[in-house]
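Given next are the chains, with one letter for each unit.
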Amino acid sequence: MFPVSRLPRRPALRDADDLVAALQTPFSDEQLAAITAPLEPTVIIAGAGTGKTTVMAARVVWLVGSGQVRPEQVLGLTFTRKAAGELRERMRNRLNILRERKLIDLTEQELLEGASEPTVSTYHSYANTLVKDYGLRLGIEQDAQMLGDAQAWQLVAQIVQYWDGELPQGGKGEAASKTYLVKQVLKLAGECAEHLVAPQTVIEFCTAQIAAYESLSTPGPRKTANDTLRQLQTKIILARMVQRYARVKARMQVLDYGDLIALAARIARDVPQAVQLERERYKVVLLDEFQDTSHAQLQLFSDLFGTRAAEGEHPGYGEHPVMAVGDPKQSIYGFRGASDGQLFSFYRYFPTADETPLYLTVAWRNDTAILDAANLIAEPLKTMPGWVRASQPP
């Protein structure tokens, strides 16, 4: 279904020396190890300023130049449009070096339509593409509109304004403010989406906790007990508002950003055709800033490109060459469900024979004094596994 142009007649790049000569760029031993790593699941622990974007771009050049994949068979994902644009531009420029030196054979289709390029986008943009391509199998119309932050706020504000059920109570017994409720409903809706948890599950959990708490003969100090029960009851009401928010969005055929990831994860889990076609389309997957992916995003890519044959869900699906790059000391999206712990559990979701992490520890951005100060300050912030290394000067 997806046309794949032919591979080069002969490998233009046979070893790392050929790559260095072609790009006329010096690389460290760590960088070359990551660039020329085998086509199998690999996680790279990359410290700040260690050249991870350079490595990802050079890896694409290596794989294309050595005849292992075509450019259009590469998928690269990162978080921001700016980062995606930079990664795309670097890949394009370096591949053009090979083309100018006649190291890549162009097919007739490429000669007519232009040279093929890797697909590079943000995580949300890729999820949006999945929903548009396969969402109809889950009852999601292709013309479903995306809600912006302001539109989502207005929609939830209307739900709160005309809420006909019980309202949460503040600490002094007064009703919570409308602004507070809107913020909390949007927050809970996003958390449910990022963790792939249904609002009904939240309601059932909180209800069970209330029952267990009330059954205690000595539930503790009265103020603490009242605060705990009030928090649980508030969460139940918020979850019911999230349910109504979901029903209104479905009726209006609109989605918010949380819906994109959750629906994409459902597609990867429940639509085998999507898994097959995406694997055929992309032979190599590069996941940037992996430490900031949420549980839903991890599940999405695990179900799409991980090994699930052992579970009997998709017999014959073996390991797929997914390369994840990240730094557990640079995790910044914990507020929306991201966890740097997922970087450490990469091989549990993408198992392979050799599960040894690769490293980029030589920092090119700062001098020794700045690195020493940064490493000293970061040391007590969080306990890291022994195989996470601090950045070092060249």
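Residues numbered from 1 in each chain as written. Predicted model: local features only at pLDDT ≥ 70, side-chain atom pairs only at ≥ 80, totals over all residues. Heavy atoms only, no water.

Undergrad: What should I look at first to understand the overall build of the protein chain in this one?
TA: When helices and strands are tallied, the protein chain shows 16 helices and eight strands. The contacts of the protein chain with a sequence gap of at least 6 include a subset with a gap of at least 24, amounting to 83%. About 19,700 Å² of surface is accessible on the protein chain, with carbon and sulfur atoms providing 52% of the total. (Helix = DSSP H or I, 4+ residues; strand = E, 2+ residues; numbered from the N terminus. Contact = heavy atoms within 4.5 Å. Areas by Shrake-Rupley, 256 points an atom, 1.4 Å probe, with all protein chains shown as cover.)

Undergrad: Looking at this structure, I do not really get the side chain of His-320. What am I missing?
TA: The residue His-320 is located in the loop between helix H13 (295–305) and strand E7 (322–326) in this model. For His-320, a relative accessible area of 8% puts it in the buried group. Among the polar contacts listed, one links the side chain of His-320 to the backbone oxygen of Tyr-282, at a separation of 2.7 Å. (Buried < 20%, exposed > 50% of the residue type's maximum accessible area, 1.4 Å probe, protein only. Polar contact = N/O pair within 3.5 Å; in protein donor to acceptor, adjacent residues only side chain to side chain.)

Undergrad: Can you walk me through the packing of helix H1 (residues 16–23) against helix H3 (residues 52–65) in this structure?
TA: To characterise two packed helices, one gives the angle between the axes of the helices and the distance between these axes. It is at 11 Å that the axes of H1 and H3 come closest, and there the two elements cross at 115°. Put simply, H1 runs roughly perpendicular to H3. Here H1 and H3 pass one another in a crossing that is right-handed. Counting all contacts with H1, which are made through Ala-16, Leu-19 and Leu-23, the residues of H3 involved are Ala-58, Val-61 and Trp-62. Grouping the amino acids of the contact of H1 with H3 by side-chain chemistry returns six nonpolar, no polar and no charged. (Axes fitted to C-alpha atoms, helices over the stretch in contact; angles between N-to-C directions. Parallel < 35°, antiparallel > 145°, perpendicular 65-115°, else oblique. Left-handed = near helix turned anticlockwise from the far one by under 90°. Nonpolar A, V, L, I, M, F, W, Y, C, P; charged D, E, K, R; others polar.)

Undergrad: Would you explain helix H4 (residues 81–100) in this entry?
TA: Three or four residues apart is the spacing at which side chains of an α-helix point the same way, because the helix has 3.6 residues per turn. In this model, H4 (20 residues) spans 28 Å end to end at C-alpha, consistent with the 28 Å of a helix rising 1.5 Å per residue. Burial in H4 covers these residues: Ala-84, Leu-87, Met-91, Leu-95, Leu-98 and Arg-99. All buried residues of H4 fall inside an arc of 110° around its axis, so they share one side. Turned more than 90 degrees from where H4 packs its buried face, Lys-82 and Glu-100 sit exposed. Those residues of H4 that are buried lie in contact with H1, H3, strand E2 (74–78), strand E3 (119–122) and strand E6 (284–287). Just downstream of H4 lies Lys-102, where phi reads positive at about 60°. (Expected span 1.5 Å × (residues − 1). Arc of directions from axis to C-beta.)

Undergrad: Help me out: how do you make sense of the packing of aromatic side chains in this one?
TA: Two aromatic rings, taken as a pair, are described by how far apart their centres are and by the angle between their planes. By the definition in use, this model includes six aromatic pairs. A centroid spacing of 4.7 Å and a plane angle of 50° characterise the contact between Phe-79 and Tyr-123, whose relative ring orientation is tilted. In this pair, Phe-79 is assigned in the loop between E2 and H4 and Tyr-123 in helix H6 (residues 123–134), connecting sequence segments 44 residues apart. By the burial criterion, Phe-79 is buried, and Tyr-123 matches it. Pairwise contacts between aromatic rings join Phe-79, Tyr-123, Tyr-126 and Phe-301 into one cluster. Positioned above the aromatic ring of Tyr-245, the side-chain terminus of Lys-249 is 4.0 Å from the ring centre. (Phe/Tyr/Trp six-rings, centres within 6.5 Å; stacked < 30°, edge-to-face > 60°. Lys NZ or Arg CZ within 6 Å of the ring centre and 35° of its normal.)

Undergrad: Please explain the nonpolar core as it appears in this structure.
TA: Proteins that are soluble and globular tend to have nonpolar side chains buried together. Tyr-126, Leu-287, Phe-301 and Phe-305 are the most contacted members of the largest nonpolar core, which totals 43 residues. At seven residues, helix H11 (residues 257–270) tops the list of elements feeding residues into this core. The contact partners of Leu-287, leaving out residues within four places of it in the chain, are Leu-77, Tyr-123, Phe-301, Val-322, Met-323, Ala-324 and Val-325. Leu-13, Ala-58, Val-61 and Val-325 belong to the second-largest nonpolar core, a separate cluster that totals 36 residues. (Core = buried A, V, L, I, M, F, W, Y, C linked by side-chain atoms within 4.5 Å.)

Undergrad: Just checking my understanding: could you explain the sheet that holds strand E8 (residues 358–360) for this structure?
TA: Strand pairing in a sheet takes place through backbone hydrogen bonds and is either antiparallel or parallel in direction. The strand order across the open sheet built from six strands is E3-E2-E6-E7-E1-E8, with neighbouring strands paired in parallel fashion. Two strands lie at the open edges of the sheet, namely E3 and E8, each paired on one side alone. Here the strands of the sheet are splayed against their neighbours by 15° on average, with no regard to which way each runs. Here strand E1 (residues 42–46) pairs with E8 via three bridges, running parallel. Residue pairing in the sheet places Ile-45 in a bridge with Tyr-359 of E8. Sitting on the sheet, H3 touches E1, E2, E6, E7 and E8, and the angle it makes with E6 is about 175°. Lying on the sheet, H6 is in contact with E2, E3 and E6; it crosses E3 at an angle near 105°. (Pairing = 2+ DSSP bridges.)

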